[in-house]
Amino acid sequence: MKNFIKLVFAAFLGTFFSLMFVVLFFVITMAVAIKSFDPYIENVFNRDMDITNKGISKKDNVLFIKLEGNIIEHNSVNNPFANKDNTNINYILNKIDKAKNDKYINVISLEFQNTSISLTHASIIRRKLMEFKNTNKKIYSFSNYYSQNEYYLASISDSLFINKLGYVDFKGLYAEWLFFKRIQKKYGVKMDIIRHGKYKSAVEPFLSDKFSKDNKYQLKQLLSSLWAKMISEISKDRNISRNKLEQIANNLSSYSSKQLITNKMVDDILSHDEYDDFIDRTPEPYSNNESYNITVEDKYKKIKNSPNQIAIIYALGTINNYKKNTTAEGIYAEEINNILDRLSSRSRIKAIVIRIDSPGGDALASDIIWKKIKKTANSKPIVISMGATAASGGYYMACAGSYIFAEETTITGSIGVWGAIPNAEKFFDKQGIDTDYVQTNKNSFTYSLFKGASTKVKNVIRKNVQEVYDLFLDRVSESRKLSYNYVDSIAQGRIWTGADAFRLKLVDEVGGLDEAIKKSRSNEFHR
């Protein structure tokens, strides 16, 4: 019985390791929204047609924004299994924009409740709130406790409040990985790895029991860059020196509301009811019953028939080569290419913006999409907007664009290639299970989970990995007008922040989706 359980468990592990590299496991969405285009009209782009008013409401002179659940790039309108707690970041940005231009709104109240928000999305919302604040309007924030990213976002507020028993989880950034070398050895299941790029670390957990020197270095550099951005902006808006913030993080001095007051990380200790009373006492600029009467849908009806339009494609998640079915979602080469073909043939579409948030995926699919973007860009400008991640295949497809924007915190680059071959030969040998085979040709039998890959197959894959890497460098070199050797020097699978990518000429500008939209309708592309 003991051996049977061991057999079942180990077989599960072998299947799990195999499926990790056969099945693409990020659930993602790609959607297209057609937007009005006019180089001379500002603020006519609506990006929240498919979502509700969840979490945001208006009362008198205050716009209330309650952030809870997952803040995501775009809602999946066709996925019945999509998390109903997700909130589209574009909806939040749209409401802040409207409040900025509404003379009757002079306060935004931010509340946080177990918000799952990436640093990139926090930075994007923070930037939009700064626009609101720069119109001489106020922002106030409350939470029973703040996660680190929540606090980073809230720190832009004019006043920041917390519950008496609350805390701020302010301690710096870290990365923790699982490593499977010992468990592979224990059960006789392993992954034969072939890669090109010393920083290409996705497969490292199967090769070692700790970070390699190169990977540890790149992760440290990446986290240090992101942390420096966070504390720099917090320091400026909270008027706390960066050295003091480092000291607070190192000493874990943000886990007491009294220490938070002493260190000026928050302005006062209030219960939720007391915070509501505070907001109720904010002065009103005007008496008003008409604000926000023009709904998003009404505005869309007015502009949807414009002869000049921009298409926004959301390409989010892992890149796949096989055809999309009803259960799997992702960036599918066939689907996105069909969309680009349709948009290319429409005379009303004057430009295309592709918002990419992807860690990569299938190399062939990435190259197919690259070719289609490159071809389409010859007739219509394609502006790329990179979200939280545009790495590996995500950057591969992005580099074909006419112009590329990255957020400061975008994880990008990872120009490298790897392959993994599951091998459970030793496991089955320990269980007394044998296999045999016959073949018609010398290399008909090249791979089996029970025998592993032959030397011939490994050499072929190694050669293919090198060829894909060389092509990747060629694509980047051609698209970005950089020398092959230079691209190779900053590639090797290394990941960079968006700010680093701009410095290295991998992107054209640091900015978000709004900046990409503005660029797509600029005279530079429409003469």
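Analysis parameters
- Residues numbered from 1 in each chain as written.
- Predicted model: local features only at pLDDT ≥ 70, side-chain atom pairs only at ≥ 80, totals over all residues.
- Heavy atoms only, no water.
- Patch = residues over 30% accessible without salt bridge, like charges linked within 9 Å, V, L, I, M, F, W, Y side chains within 5 Å.
- Areas by Shrake-Rupley, 256 points an atom, 1.4 Å probe, with all protein chains shown as cover.
- Salt bridge = Lys/Arg side-chain N within 4 Å of Asp/Glu carboxyl O.
- Helix = DSSP H or I, 4+ residues; strand = E, 2+ residues; numbered from the N terminus.
- Lys, Arg positive; Asp, Glu negative; His and termini not counted.
- Charge placed at Lys NZ, Arg CZ, Asp CG, Glu CD.
- Buried < 20%, exposed > 50% of the residue type's maximum accessible area, 1.4 Å probe, protein only.
- Pairing = 2+ DSSP bridges.
- Right-handed = clockwise from strand over helix to strand, strands pointing away.
- pLDDT = per-residue confidence, 0-100.
- Contact = heavy atoms within 4.5 Å.
- 1 Å grid on protein atoms, 1.4 Å probe; cavity = no way out; pocket = protein on both sides within 12 Å on 5 of 7 lines; lining within 4 Å.
- Points joined across faces, edges and corners; volume = space filled by probe spheres on them.
- Nonpolar A, V, L, I, M, F, W, Y, C, P; charged D, E, K, R; others polar.
- Phe/Tyr/Trp six-rings, centres within 6.5 Å; stacked < 30°, edge-to-face > 60°.
- Lys NZ or Arg CZ within 6 Å of the ring centre and 35° of its normal.
- Core = buried A, V, L, I, M, F, W, Y, C linked by side-chain atoms within 4.5 Å.
- Expected span 1.5 Å × (residues − 1).
- Polar contact = N/O pair within 3.5 Å; in protein donor to acceptor, adjacent residues only side chain to side chain.

**Student:** Explanation requested: a nonpolar patch on the surface in the structure shown.
**Tutor:** A contiguous nonpolar surface patch, about 350 Å² in accessible area, is contributed by Tyr145, Tyr167, Leu252 and Tyr255. Relative to the helices and strands, Tyr167 is located in the loop between strand 7 (159–162) and helix 5 (181–187).

**Student:** Help me out: how do you make sense of a negative patch on the surface in this one?
**Tutor:** Taken together, Asp268, Asp273, Glu274 and Asp277 make up a surface patch of like negative charges. Ranked by residue count, the leading element in the negative patch is helix 9 (residues 272–280), at three residues. Overall, the relative accessible area of 35% leaves Asp268 in the partly exposed class.

**Student:** Help me out: how do you make sense of the pairing of strand 6 (residues 138–143) in this one?
**Tutor:** Along any regular strand, the residues point their side chains to alternate faces of the sheet. In terms of burial, strand 6 is largely enclosed, as five of its six residues are buried. Relative to strand 6, strand 5 (residues 107–116) is paired through six bridges, and the arrangement is parallel. Counterpart to Ser109 in the pairing with strand 6 is Tyr140. Regarding the hand of the β-α-β motif, the stretch spanning strand 5, helix 3 (residues 119–133) and strand 6 is right-handed. Two strands pair when backbone bridges link them, and strand 6 and strand 7 are joined in this way by four bridges, in the parallel orientation.

**Student:** Please clarify how the pattern of salt bridges should be interpreted in this entry.
**Tutor:** Where charged atoms of side chains with opposite charge meet at close range, the side chains can pair. In total, this model carries 22 salt bridges according to the counting rule given. The salt bridge involving Lys100 is made with Asp97; its shortest N-O contact spans 3.2 Å. You can see Lys100 and its partner Asp97 sitting in helix 2 (residues 89–100), three residues apart, about one turn around the helix. In this structure Lys100 comes out as buried when scored by relative accessible area, which is 18%. Between Lys128 and Glu131 there is a salt bridge, with the nearest N and O atoms lying 3.4 Å from each other. Of this pair, Lys128 and Glu131 both sit in helix 3, three residues apart, roughly one helical turn. Judged by relative accessible area, Lys128 falls into the buried class, the value being 6%. Accessibility expressed as a relative area gives 29% for Glu131, which makes it partly exposed. Ionic contacts of the salt-bridge type, sharing partners, join the residues Asp97, Lys100, Lys128, Glu131 and Asp514 into one network.

**Student:** How should the confidence of the model for the chain be read in this particular structure?
**Tutor:** Caution applies to low-pLDDT parts of the model: their predicted coordinates are not meant to be read in detail. For the chain, per-residue confidence averages 83 on the pLDDT scale, and residues scoring 70 or more make up 81% of the total. Contacts for the low-pLDDT stretch residues 1–53, under 50 throughout, to residues beyond four places or in other chains number 136 contacts.

**Student:** Would you mind going over empty space enclosed by the protein with me for this structure?
**Tutor:** Unoccupied space between atoms shows up once a probe the size of one water molecule is rolled over them. Throughout the structure, instances matching the rule amount to one cavity of 30 Å³ or more. By volume, the largest cavity amounts to about 130 Å³. Around the largest cavity, the lining comprises 15 residues; the ones closest to its centre are Leu93, Ile124, Arg127, Leu513 and Asp514. Elements that contribute at least two residues to the lining of the largest cavity include exactly helix 2, helix 3 and helix 18 (513–520). Here the lining of the largest cavity takes four residues from helix 3, the largest share from any one element. By residue class, the composition of the lining of the largest cavity is four nonpolar, two polar and nine charged.

**Student:** Would you take a moment to explain the packing of aromatic side chains for this structure?
**Tutor:** For any pair of aromatic rings, the description rests on two quantities: the centre-to-centre distance and the angle between the ring planes. Taken as a whole and assessed by the stated rule, the structure comprises 20 aromatic pairs. Here the aromatic residues Phe112, Tyr146, Tyr151, Phe170 and Trp227 are joined through ring pairs into a cluster of three or more. For the cation-ring pair, Arg494 lies above Tyr199, with the distance from its terminal atom to the ring centre recorded as 5.5 Å.

**Student:** Sorry, what's going on with the nonpolar core here?
**Tutor:** Ranked by internal contacts, the top residues of the largest apolar core, which has 50 residues, are Ile352, Ile354, Met386, Met397, Ile415 and Leu506. At six residues, the largest contribution of residues to this core is made by helix 15 (residues 455–480). Residues Ile125, Leu219, Ile240 and Ala249 belong to the second largest nonpolar core, which totals 47 residues.

**Student:** What should I look at first to understand a positive patch on the surface in this one?
**Tutor:** On the surface, a cluster of positive charge is made up of Lys181, Lys185, Lys426 and Lys430. Contributions of two or more residues to the positive patch are made by helix 5 and helix 14 (425–430). Along the chain, Lys181 turns up in helix 5.

**Student:** Just checking my understanding: could you explain helix 12 (residues 363–377) for this structure?
**Tutor:** Along an α-helix, residues three or four positions apart point the same way, because every turn accommodates 3.6 residues. In a regular helix each residue adds 1.5 Å, so 15 residues correspond to 21 Å; helix 12 covers 21 Å between its end C-alpha atoms and thus fits that length. Among all positions in helix 12, only Ala365, Ser366, Asp367, Ile369, Trp370, Lys372, Ile373 and Thr376 are buried. The N-capping residue of helix 12, defined by a side-chain oxygen 3.0 Å from the backbone nitrogen of Leu364, is Asp362.

**Student:** Explain unusual backbone geometry here, please?
**Tutor:** The phi torsion of most residues other than glycine is negative, and most of the peptide bonds are trans. In this structure, Ser414 is a non-glycine residue whose phi angle is positive, near 50°. As for its placement among the helices and strands, Ser414 is situated in the loop between strand 15 (411–413) and strand 16 (417–423). Classification of Ser414 as buried rests on a relative accessible area of 9%. Notably, Lys481 is not glycine yet its phi reads approximately 55°, a positive angle. By secondary structure assignment, the location of Lys481 is in the loop between helix 15 and helix 16 (484–490).

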